[in-house]
Amino acid sequence: MNKQELLRLSWENLWRMKFRTILTIIGVVIGTASIIVMVSIGNGAQKSITDELSGAGSVTTIQVYKDIGSTGMTMMAGGKKEDEKILNDDALKDLKRIDGVVAVTPVVNLSGATVDYDREQYGVSLMGVDYNVMEDMRYNTTSGKKPGANDHNSVILGKEVLSSYTLSSTGAQAQENTVAPEDLIGQNISLVISKTNANGDEETRTEKVKVTGVLESTGGSEDYSIIADYKLVTDLNQWQTGTKVNVKKQGYSEALVTVEDSSVVNTVTAQIEDFGFTVFSMQQILESMGSVFQMLQILLGGIGGVALLVACIGIVNTMTMSIYERTKEIGIMKVIGASISDIRNMFIAESTMIGLIGGIVGIIISFILSILINLIAGLFITTGNVTISYITPGLVVFALLFSAIVGLLSGVRPAIKAANLSSLDAIRSE
Amino acid sequence: MVALLGPSGSGKSTFLNVLGGLVPPTSGEVIIKDYRISDMTENELCLFRREHLGFIFQSYNLISTMNAIENVALALTFAGVKKEIRLKRAKEALEIVGLVDRMEHKPSELSGGQQQRVSIARALVNHPEIILADEPTGNLDSKTSSDIMEMITKLNREEKQTFVIVTHDPEAAKYCTKVIHMRDGLIERWEDQR
């Protein structure tokens, strides 16, 4: 008996008991849909967070620090380790030579600065980077442009820079801010840094800087920082702390390495670690979070899997019932020349069809549910583009295969039972 | 054309089922055309029946959800015959039994005699050498019975088809060339009616 005939015959048999078949299929639909929706919620959570974190620049950027591990050890030992690797200019040159690295810049951070603008004060952090490599770094501006190598008094603003108030000169408490970072492009703003001097008096220093652009959201600390030239921030830092950092001896506290592609992040990371530095990249976080989300998905999928297990029992039940009803027919078919495998395959094909149809309908229903979930979630969560439920193509393929396999496996036992019926007994039964 | 004649319980149906490989013999062996069917596995028996045997039952045993031509063609489906050829041969078989005009009817829409003719067509359709018939006229009135027996006789003569017919009706046995009388599981006597 050829396959096409077998499928046609099974298909026709399937619809002889429409109501029962549909009920069984509904079981599979519920099972498949619950797996997909459950896993899609896990996916959605992962996607929301990874999208948030993996802004354009951040996945290709690696943060390099002095080896934290060895510093800790030397501190405990109470002395300085001889071979401690210093993050100085020579080290940065070494980093630049690694394959796949496009830019290396030292980073200096300064927190506790404020921006005076339009009688309001906004608390900000400053992040100083080397403007000579600014062009090669994956810092894209959404509006305005990046400062050039010599624009030492130009800055770009992080996306969220003005969203935090410190003080308001008008005395008002934190309120909806009306100034968007974009409004400041092309304008001069005042950066105010304050310190307490040796006499306990407060001193302030004001720097006029020009805003050239607004940084695309990276999901990292840059969003809340003003990016300025390394020299300017270092200068302000020295003024604030009153100590001069000897770069050659002590090195930079942090450097940023930009690589050409996210695919080389891991190899570059490994090489930098070989130099003896501590490395931190968004990729590492994403990877470690990936395993957490995988656990979450397995858990959620498992809950959905229970529903599919129940559906599987339903299929076995339907097929067994069907065989009891069709015992005589099975006998007739065997007498007129159906082989054991014909009978077996016919029933297996039927149960696989139940699984497959259930899977397909289940997928369609999960897409509808997924859209509904996101719509409803959108009503409550207004910040950003939130996806609660996200169905990946892989999940669709998996669900389809899984439901078909569940159907197939559920059919095996009843089918073997049918195939092994004695033809004479079967034909005599009514 | 052989009739197995005897009262109920004389073992004639059992004998036919053993011949058809539907039940294995408790002892001895069954040889049909050099095939030792008593040693065959279930699967080999299925293939053997498909090739060499046709069956006709007292209760017709048609599949109720299929119409006449589908019932006849089903036997060919299992043999892997293509759809066009299958339908053509099924139609030919229905022509032989004179039911072409009823071929779209379901068994429930046919009379007993017509259903039995469909089942004869089904037995004929893969041109088996031997057709085993278990009480083919058992459920039919005497007029229809003689129609069916005449048809079988005609097939036997024209299509050179061997029939082994189990019956307890001496009227039906009259059509056969040989009659084997059975009683209590044993062959009582042979009778040649030619």
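As a starting point, this report considers the structure included with it. (Residues numbered from 1 in each chain as written. Chains lettered and ligands numbered in written order. Predicted model: local features only at pLDDT ≥ 70, side-chain atom pairs only at ≥ 80, totals over all residues. Heavy atoms only, no water.)

**A few points about the overall build of chain B**
Piece 1. Along the backbone of chain B there are 7 helices and 8 strands.
Piece 2. Here chain B, with 194 residues, has 53% of them falling under the buried criterion.
Piece 3. Restricting the contact set of chain B to residue pairs at least 6 apart, pairs at least 24 apart contribute 67%.
Piece 4. Here chain B displays about 9,200 Å² of accessible surface, and carbon together with sulfur accounts for 49% of that area. (Helix = DSSP H or I, 4+ residues; strand = E, 2+ residues; numbered from the N terminus. Buried < 20%, exposed > 50% of the residue type's maximum accessible area, 1.4 Å probe, protein only. Contact = heavy atoms within 4.5 Å. Areas by Shrake-Rupley, 256 points an atom, 1.4 Å probe, with all protein chains shown as cover.)

**Structural notes on the pairing of strand E7 (residues 188–196) of chain A**
All names here are of chain A.
Piece 1. Where strand E2 (residues 101–117) lies against E7, 3 bridges are found, and the strand directions are antiparallel. Paired with aspartate 116 across the strands is serine 190, a residue of E7.
Piece 2. Inspection of the sheet shows E7 paired to strand E8 (residues 202–215) by 9 bridges, in the antiparallel sense. For asparagine 188, the partnering residue across the bridge sits in E8 and is lysine 210.
Piece 3. In this antiparallel pair of consecutive strands, E7 and E8, the connection spans 5 residues, and glycine 200 shows a positive phi of 85°. (Pairing = 2+ DSSP bridges.)

**Re the packing of helix H1 (residues 3–14) of chain A against helix H10 (residues 340–380) of chain A**
Any two packed helices are characterised by how steeply their axes cross, that is the angle between the axes, and by the distance between the axes.
All names here are of chain A.
Piece 1. Orientation of H1 relative to H10, taken along the N-to-C sense of each, is 65°, at an axis distance of 9 Å. For the crossing formed where H1 meets H10, the hand is right-handed. Contact residues: Leu6, Leu7, Leu9, Ser10, Trp11, Asn13 and Leu14 in H1; Asp342, Asn345, Met346, Ala349, Glu350, Met353, Ile354 and Ile357 in H10. (Axes fitted to C-alpha atoms, helices over the stretch in contact; angles between N-to-C directions. Left-handed = near helix turned anticlockwise from the far one by under 90°.)

**Some remarks on helix H3 (residues 68–78) of chain B**
All names here are of chain B.
Piece 1. With 10 of 11 residues buried, H3 lies mostly within the body of the structure.
Piece 2. For H3, every residue scored as buried is listed here: Ala68, Ile69, Asn71, Val72, Ala73, Leu74, Ala75, Leu76, Thr77 and Phe78.
Piece 3. Glycine 80 occupies a position one or two residues after H3 and carries a positive phi of about 80°.

**What about the sheet that holds strand E6 (residues 162–167) of chain B?**
All names here are of chain B.
Piece 1. Taken together, 6 strands build an open sheet; the order of strands is E4-E5-E6-E1-E7-E8 and the sheet is mixed. Since the sheet does not close on itself, it has two edges, and those belong to strand E4 (53–56) and strand E8 (186–192), each with one partner. On average, adjacent strands in this sheet sit at an angle of 20° to one another, irrespective of strand direction.
Piece 2. Alignment of strand E5 (residues 130–134) against E6, held across 5 bridges, turns out to be parallel. Following the sheet pairing, leucine 132 is matched in E6 by valine 164.
Piece 3. Across the sheet, helix H5 (residues 112–124) is in contact with E4 and E5; its angle to E4 comes to roughly 170°.

**As for the pattern of salt bridges**
Piece 1. Here the structure, examined in full by the defined rule, presents 20 salt bridges over all chains.
Piece 2. Its salt-bridge partner being Asp147(B), residue Lys143(B) comes within 3.2 Å of it at the nearest N-O pair. In this pair, Lys143(B) and Asp147(B) both sit in helix H6 (residues 142–158), 4 residues apart, roughly one turn of the helix.
Piece 3. Classification of Asp147(B) as partly exposed rests on a relative accessible area of 35%.
Piece 4. Residue Arg183(B) pairs with Glu188(B) through a salt bridge whose shortest N-O separation is 3.0 Å.
Piece 5. One network of salt bridges, with partners in common, ties together Glu5(A), Arg8(A), Glu12(A) and Arg86(B). (Salt bridge = Lys/Arg side-chain N within 4 Å of Asp/Glu carboxyl O.)

Remember that the coordinates give geometry; whether it matters functionally is a separate question.
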